[in-house]
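# Coordinate inspection notes
Chain by chain, the residues:
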Amino acid sequence: MLQKIRDLWNNPTSMKARRYANVIYDVSWNVLLLTIISVVLIGFLGAGIGVGYFASLVKDMPTPAYKTMTSQINTYTSTSNIYFGSGERIGNYTTDEVRIPIPVEKVSPYVVDALLATEDVEFYEHDGVVPKATLRAILQEATGSEDRTGGSTLTQQLIKNQMLTNEVSFERKAKEILLALRLEKAMDKDEILNAYLNVVSFGRNSMGRNISGIEAAANGVFNTSAEKLTLPQAAFLAGIPKNPFFYTPYYQGGVIKEDVSGAVNRMKTVLNRMYVAGKITQEEYDAAYNYDITQDFMKTQSKPRDKYPYVIDEAELQTRQIVTDYLIKQDGINVNDLEPKELKEIKSSYAKRAHNMLRQGGFNIQLTLDKKIHEAMQQPAKNAGNFGPNQYVKENDKTYPEQTSSIMIENKTGKVLGFVGGRYVNGKPDDLNRAFYANRQIASTAKPILVYASAIEAGMITPATQIIDEEYFYKFDYSNRKDPVNNEGKTYRGPVTVRDALKLSLNVPAVKIYEERNQMMADTQHLVDMGIEVSDVNRNASSMALGVGEVTPVKLASAYAMLANYGEHVDPYLVERIDYQGETIYEANPKKTRIYSDRTSYLVVDMLRDVFTSGTATYANSLFNVPGDWIGKTGTNNDRKDSYLIGSNPEVTLAVWSGYDTQLATMQNGNGYGQYYQRTQRIWSETMNLAYAANADAFNVNARFKQPSSVTAKDFKDSGSFSEKKKVEEKEKEEEEKKKEEEKKREAEEAKEEAEEKKQEAAADAAAKKKAEEEARAKAEAEAEAKKKAEEEAKKKAEEEAQQEADQPAEENTDSDGA
């Protein structure tokens, strides 16, 4: 065809045809030139207009310094982590976004290749922007095309995430392009890639939380590190950033989606692009393409608070308080110079700031808890069989279950090794951490740490001092009433030693000592020095001897740890250390306070040994399997509203409380659940047994309470100044005389009984003799009668025989005559 046209053109059939052909050629050529010139002119005009429009879009945007850009790009939130004291990670500080920064050197090469092949194949060649891709994206946006290929490089995406908003507009795009070009001069490619890998969103994890950064994605989707991601796993994650919440395999609650085909197809697209880019071989591509990635998905995970509810809440609260104080100090504010109202406002403001920092600042928070011990302690609280027959009571239309809480402290350091904030009703806890915040009357557990220790310290009593347990009325009472001391239904025992009074938890001896000492303000100061708040009313109340003061279990446990520490109190604490940006900003340094002398403490400790062996905690001792040197004390307040058992060895102290959150309810007995105090003691023993089985090393069971040199043999004799000594002697003399009188009376009664017995014996002997004589006489008469009868029968027989003999000869003669 072309040859025919060429021949026709070169050899026209006529001049007219040739002329027409020339005209057509000239016109066509001129039109073509005009068109080309017009297009070029329009192009320059368009380019000029575009440049002008671009300039107008960014004219108000300040040009950031390189240092400012670098700082802003590398500033991103990082999850704060909480750890057990034994090193295991508990979880993160509560936040909506999880991010774990990681250097690009520790990321699997598969991830880098997959991201670049999918998101920015020319990453190492361009200067931050690919013009043709940007122009294509702009035309698609302007024409409303449904086929969007995207035009942003990794650099542009990083700019959008860290320096701009997600607004869809030409202005934002123009700023993005300009800043991307500038960022390429401020940072090298690997730095940009490093920031991108830690910033980009990957949807949700198996807990349903938002995840950003490749390490959080690897952990949250595949339960591995970014360094160990396989090819199909890397391809799957690399496909998510295009549409994070469509391609993520999890719903908001962490439940795996029913249909993840879209995400799987996206993974296959990523693999294809990696193959085309020459990053993987045909064999690798085929294996990864056919791999069932869904088998690698993590199952739905519970949030840290779901597993460790009381731990997370208390750790966050205490950490927030610590960081608040740290920030206030960093800003040079002296809280002692502030008025109360101003101080409250300052603390409120800094607390909000601390909370935001902890949510986003990447703090590492180490607690004191031993994971094995803490988890073991939860088990008795989950056993419904450890709670009473009336497990639920109602008050004002609200239902209250019988509750418990416990806490274990390391005596010498004050570390909280484990705690139970409350009972798990139907497997779930509530929001009240009773171990730290339930202020309840501590009943008889107050006697050793307040009454007996203070009196021993003052030289008033020793373990051998005797006191009369009898009906007794308060001498001092803030309500001006002289009520009798509650004896809890027990019979009075008369003179008893302090040792026995404490072992049996007798009320009257404790009140007598407390009132005779009459130093209530000084004695309750010992509690205050241990961090226990005592109201002004209770500081002058005789009933403090019986534990009307309200104390939390954690502070009560620390008070008994003080006795185990030979009188030195160490403030209990939960947060061991806080690290921030590679620096330790807080490390626990608990306050230590001398409360009692080592002599006083040891004498109380020595008495408290008896509580387990022969006192009020023998039931707990029967269930207890942990060896060692143990001391303890029980406590029950009026109406059985609160029940306690605290026990210590030289290493640890465990305090257990049982009762109701409402103080109007009373713990019940029976119905197969045992006495109320038995339930408390059972929980204590089970908790100790399980904790010891979990980590025996923490108990140091071979250690014993050693008698200090300050204790002498005299301290175990009645060498105190308690005033009832003479009264006890008189009481004992009276009791002795009474016993003598009773003995004489008993002896007289015995003599009378003996005489009566002899009289009765004599009468019995006479009657027996008379009976014997009568029987003998009757026998003799019977024998005589029998003899007479026998004689008569013999005589009669003899006569008969004689008659027979007389008759016999006549017969014989008659016979002879007849012969």
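Right, let's walk through the structure included here. On a predicted model such as this, the values are computed, not experimentally measured, just so you know.

### Details of the packing of helix H19 (residues 446-457) against helix H24 (residues 598-614)
Where H19 meets H24, the axes come as close as 9 Å, and the angle between the chain directions of the two elements is 125 degrees. The orientation of H19 relative to H24 falls into the category oblique. The handedness of the crossing between H19 and H24 comes out as right-handed. Contact residues: H19 offers Pro448, Ala453, Ile456 and Glu457, while H24 offers Arg599, Thr600, Leu603, Val604, Met607 and Leu608.

### As for unusual backbone geometry
If you check the backbone angles, Asn518 has positive phi at about 55 degrees while not being a glycine. The topology assignment puts Asn518 in the loop between helix H21 (507-517) and helix H22 (520-529). Under the relative-accessibility criterion, Asn518 is labelled partly exposed at 40%. At Gln581, a residue that is not glycine, the phi angle is positive and equals roughly 55 degrees. By secondary structure assignment, the location of Gln581 is in the loop between strand E16 (575-580) and strand E17 (583-587).

### Section: helix H4 (residues 109-119)
Counting buried residues along H4, 8 of its 11 residues qualify, which places the element largely inside the surrounding structure. On its buried face, H4 is in contact with helix H6 (154-162), helix H8 (189-199), helix H9 (214-222), helix H10 (231-239) and helix H12 (261-276).

### A short note on the packing of H4 against H12
Where H4 contacts H12, the axes come no closer than 8 Å and their chain directions differ by 90 degrees. It follows from the interaxial angle that H4 and H12 lie roughly perpendicular. Taken together, the residues of H12 that come into contact with H4 (itself represented by Tyr110, Asp113, Ala114, Ala117, Thr118 and Glu119) are Arg266, Val270, Arg273 and Met274. Of the residues assigned to the contact of H4 with H12, the class counts are 5 nonpolar, 1 polar and 4 charged.

### Describing the sheet that holds strand E20 (residues 642-648)
The 5 strands are arranged E10-E9-E21-E20-E19 in an open sheet whose pairing can be described as antiparallel. Edge strands, defined here as strands with exactly one partner in the open sheet, are strand E10 (416-420) and strand E19 (631-636). Neighbour to neighbour, the strand axes of the sheet diverge by 5 degrees on average, direction disregarded. With 8 bridges joining them, strand E9 (residues 403-410) and strand E21 (residues 652-659) adopt antiparallel strand pairing. Counterpart to Thr404 in the pairing with E21 is Ser658.

Reading the values: rules and limits
Residues numbered from 1 in each chain as written. Predicted model: local features only at pLDDT ≥ 70, side-chain atom pairs only at ≥ 80, totals over all residues. Heavy atoms only, no water. Axes fitted to C-alpha atoms, helices over the stretch in contact; angles between N-to-C directions. Helix = DSSP H or I, 4+ residues; strand = E, 2+ residues; numbered from the N terminus. Parallel < 35°, antiparallel > 145°, perpendicular 65-115°, else oblique. Left-handed = near helix turned anticlockwise from the far one by under 90°. Contact = heavy atoms within 4.5 Å. Buried < 20%, exposed > 50% of the residue type's maximum accessible area, 1.4 Å probe, protein only. Nonpolar A, V, L, I, M, F, W, Y, C, P; charged D, E, K, R; others polar. Pairing = 2+ DSSP bridges.

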